[in-house]
Amino acid sequence: MPDTRARLPRPFWRLWASAMSSDLGDGLVLVALPLLALTLTHDPLPVAGVAVADQLPAFLLAPLIGVLIDRVDRRVVIVTVQVLQCAVAGGLAVMVAHGRVTLPMLYGAAALLGASATAFSVCKSVLVPALVPDVDLERANGRLFVAEASARDLAGQGIGGMAFAAGRAVPFAADALSFLASGALLLTCLPPRSVVVAGQPSWRTDLVDGFRWFAGHRELQRLAAMVCTFAGCQSAAFATLALFLTTQVHAGRVLFGVLLMVGSLGSLCGTVLAPRLAHRYGSWAATAIGGTAAGYAYVLLAAHTSPVVAGLGLAVEGWAVVVGNVASSSLRQRLIPDDLRGRVGTVFRMGLLGSGVVGAALGGLLAGALGMRSEMAAVAAAQLAMVAVLCRPRRPALRVVAAPRPVLSGAA
């Protein structure tokens, strides 16, 4: 069997290194934001509001972000986003260090970071098919999820609690530096992919074209419904995860980060198995497998308050999410043509963000009304029910095939 590693060119690995740097800082903040919110309130709904603030502005701005990515030099877009995130994280670090942070300020920072992260994620996804051959999309996406799982989930979240305990401003300052390093790496590796030229359609026309193409593609719509359902359930379960682990599992700040780190070990296992599952069973089946495993992970979290069981549940959930993400991302990249990937990709992401906003809000409401464990059980029931409805096979799965097309393998 040929070694497909040779098909991943140097520009892709520089993109991977940039994502690794950015993901490391994100992991620190992923732990620090809810812990910082808990220093201001213990009400489940305001704590869940951090997750809502992170996703709602990104949802509203996603269509314009997609048009921007398809019209402007994508290297300029992704580097500018990193600079903006550096400024926001650095500013928040200064306010936290001076003890002037408030919940509205926390929501504002989460909103800006969330919208910027959406632009970065879509740009990264759009660039992957231009940098690697079609047959290696699962491998390339798996490598990017390795970076996310190891840097953000394992290293970042693993030390996030300790960094926050050492100083509340430390995780945010480190996040700002990670964005700075990521932007510098991107400047060295990415070729321009699209620029505004005379005679190009208006922004409104481009925006409508993206929605129209999505509305005419039933296979992509079904994939979106499936993945958005999973995203909503995950957001409902994780919007109050910090409160769940600190009150039900009795995890302190350090144990909270350690439990998230254990969950990231499952994510790393998922990055290894996801390409194999997609090649063996097809992208649809691999996505369904991930959704089913995530549902049972929520059952584990709801069933017992032991830290060991909680860690096992988080590990299974991390594995399931990566398997589903790698399979669904690769399938989406094959289904959408290059000149529409920004617009249609953000339409797809709008569904994910909208599901995340609704899920986070419902998670906070259910946790306040039913209790933390009952809310987790309700999420598990909803996830497994939707898997049964949406993942029934309707057509042959799309398997990985080699398709000749131009690949940008040279550095800028």
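All values derive from a computational prediction rather than experimental measurement.

### Here's the deal with the overall build of the chain
Counting its secondary structure elements, the chain contains 14 helices and 0 strands. Along its sequence from the N terminus, the chain presents helices and strands in the succession α-α-α-α-α-α-α-α-α-α-α-α-α-α. Burial status across the chain gives 56% buried among its 412 residues. In the chain, 91% of the contacts between residues at least 6 apart in sequence involve partners at least 24 apart. Accessible surface for the chain amounts to roughly 16,200 Å². Of this, 68% is attributable to carbon and sulfur atoms.

### Thoughts on the side chain of Thr287
Relative to the helices and strands, Thr287 is located in helix α11 (residues 283-303). Residue contacts for Thr287: discarding those within four places in its chain leaves Met226, Val227, Phe230, Gly324, Ala327 and Ser328.

### Quick notes on the packing of helix α3 (residues 74-97) against helix α6 (residues 170-186)
Interhelical geometry of α3 versus α6 gives an angle of 165 degrees and a closest axis separation of 7 Å. As judged from the angle between their axes, α3 and α6 are roughly antiparallel. The handedness of the crossing between α3 and α6 comes out as left-handed. Between α3 and α6, the contacting residues are Arg75, Ile78, Val79, Gln82, Gln85, Cys86, Ala89, Gly90, Leu92, Ala93 and Val96 on the first element and Phe172, Ala173, Asp175, Ala176, Phe179, Leu180, Ser182, Gly183 and Leu186 on the second.

### A short note on the nonpolar core
Judged by nonpolar contacts, the single largest core of 63 residues is most densely connected at Phe172, Leu245 and Tyr298. Other than its neighbours up to four places away in sequence, Leu245 contacts His250, Ala251, Phe256, Leu259, Ala310 and Leu314. Membership of the second largest hydrophobic core comes to 23 residues, among which are Leu8, Ile65, Ala140 and Leu186.

### Considerations on the packing of helix α8 (residues 218-238) against helix α13 (residues 341-370)
At their nearest, the axes of α8 and α13 sit 7 Å apart, and the two run at 30 degrees to each other. As summarised for this structure, α8 and α13 are arranged roughly parallel, according to the angle between their axes. You can see that α8 and α13 cross each other, and the crossing is right-handed. Contacts from Leu220, Leu223, Ala224, Val227, Cys228, Ala231, Gly232, Ser235 and Ala236 in α8 reach Val344, Phe348, Gly351, Leu352, Ser355, Gly356, Gly359, Ala360 and Gly363 in α13. Here the residues of the contact of α8 with α13 are counted per class, giving 11 nonpolar, 7 polar and no charged.

### Remarks on the environment of Ser283
Turning to its location among the elements, Ser283 is positioned in helix α11. Counting along the chain gives 48 residues from Ser283 to Leu331, while the straight-line C-alpha distance between them is 6.4 Å.

### So, the environment of Asp338
With respect to the secondary-structure elements, Asp338 resides in the loop between α12 (307-335) and α13. When the C-alpha atoms of Asp338 and Ala130 are compared, they prove to be 8.2 Å apart, with 208 residues separating the residues in sequence.

### Observations regarding the packing of aromatic side chains
For any pair of aromatic rings, the description rests on two quantities: the centre-to-centre distance and the angle between the ring planes. Scanning the model with the defined rule gives 2 aromatic pairs in all. Ring centres of Phe12 and Trp13 lie 5.4 Å apart, and the angle between their planes is 70 degrees; on these two criteria the pair is classed as edge-to-face. The exposure class assigned to Phe12 is buried, which follows from its relative accessible area of 0%. A centroid spacing of 5.7 Å and a plane angle of 75 degrees characterise the contact between Trp13 and Trp16, whose relative ring orientation is edge-to-face. Of this pair, Trp13 and Trp16 both sit in helix α1 (residues 10-38), 3 residues apart, which is roughly one turn of the helix. On the accessibility criterion, Trp16 (22% relative accessible area) is partly exposed. Through a chain of ring-to-ring contacts, the aromatic side chains of Phe12, Trp13 and Trp16 assemble into a single cluster. Here the basic side chain of Arg222 rests over the ring of Trp284, its NZ or CZ set 4.6 Å away from the ring centre.

### Quick word on α8
At 3.6 residues per turn, the α-helix brings residues three or four places apart onto the same side. End to end, α8 covers 30 Å across 21 residues, agreeing with the expected 30 Å (1.5 Å per residue, within 8%). Taking burial as the measure, the 21 residues of α8 include 16 buried ones, the bulk of the element.

### Digging into the side chain of Gln383
Tracing the chain through its elements places Gln383 in helix α14 (residues 372-390). Residue contacts for Gln383: discarding those within four places in its chain leaves Thr229, Phe230, Cys233, Gly291, Ala294, Gly295 and Tyr298.

### With respect to the confidence of the model for the chain
Averaged over all residues, the pLDDT of the chain is 79; the fraction at 70 or higher stands at 88%. Ignoring residues within four places in sequence, the model shows residues 1-5, a span with pLDDT below 50, making 5 contacts including any to other chains. Low confidence marks residues 395-412, where pLDDT is under 50. Its contacts with residues over four positions away, or in another chain, come to 46 contacts.

### Some words on the environment of Ala310
For Ala310, the location among the structural elements is in helix α12. Classification of Ala310 by relative accessible area gives buried; the value is 1%. When the C-alpha atoms of Ala310 and Ala297 are compared, they prove to be 9.1 Å apart, with 13 residues separating the residues in sequence. Ignoring any residue separated from it by four or fewer positions in sequence, one finds Ala310 in contact with Leu245, Val249 and Leu301.

Conventions used here
Residues numbered from 1 in each chain as written. Predicted model: local features only at pLDDT ≥ 70, side-chain atom pairs only at ≥ 80, totals over all residues. Heavy atoms only, no water. Helix = DSSP H or I, 4+ residues; strand = E, 2+ residues; numbered from the N terminus. Buried < 20%, exposed > 50% of the residue type's maximum accessible area, 1.4 Å probe, protein only. Contact = heavy atoms within 4.5 Å. Areas by Shrake-Rupley, 256 points an atom, 1.4 Å probe, with all protein chains shown as cover. Axes fitted to C-alpha atoms, helices over the stretch in contact; angles between N-to-C directions. Parallel < 35°, antiparallel > 145°, perpendicular 65-115°, else oblique. Left-handed = near helix turned anticlockwise from the far one by under 90°. Core = buried A, V, L, I, M, F, W, Y, C linked by side-chain atoms within 4.5 Å. Nonpolar A, V, L, I, M, F, W, Y, C, P; charged D, E, K, R; others polar. Phe/Tyr/Trp six-rings, centres within 6.5 Å; stacked < 30°, edge-to-face > 60°. Lys NZ or Arg CZ within 6 Å of the ring centre and 35° of its normal. Expected span 1.5 Å × (residues − 1). pLDDT = per-residue confidence, 0-100.

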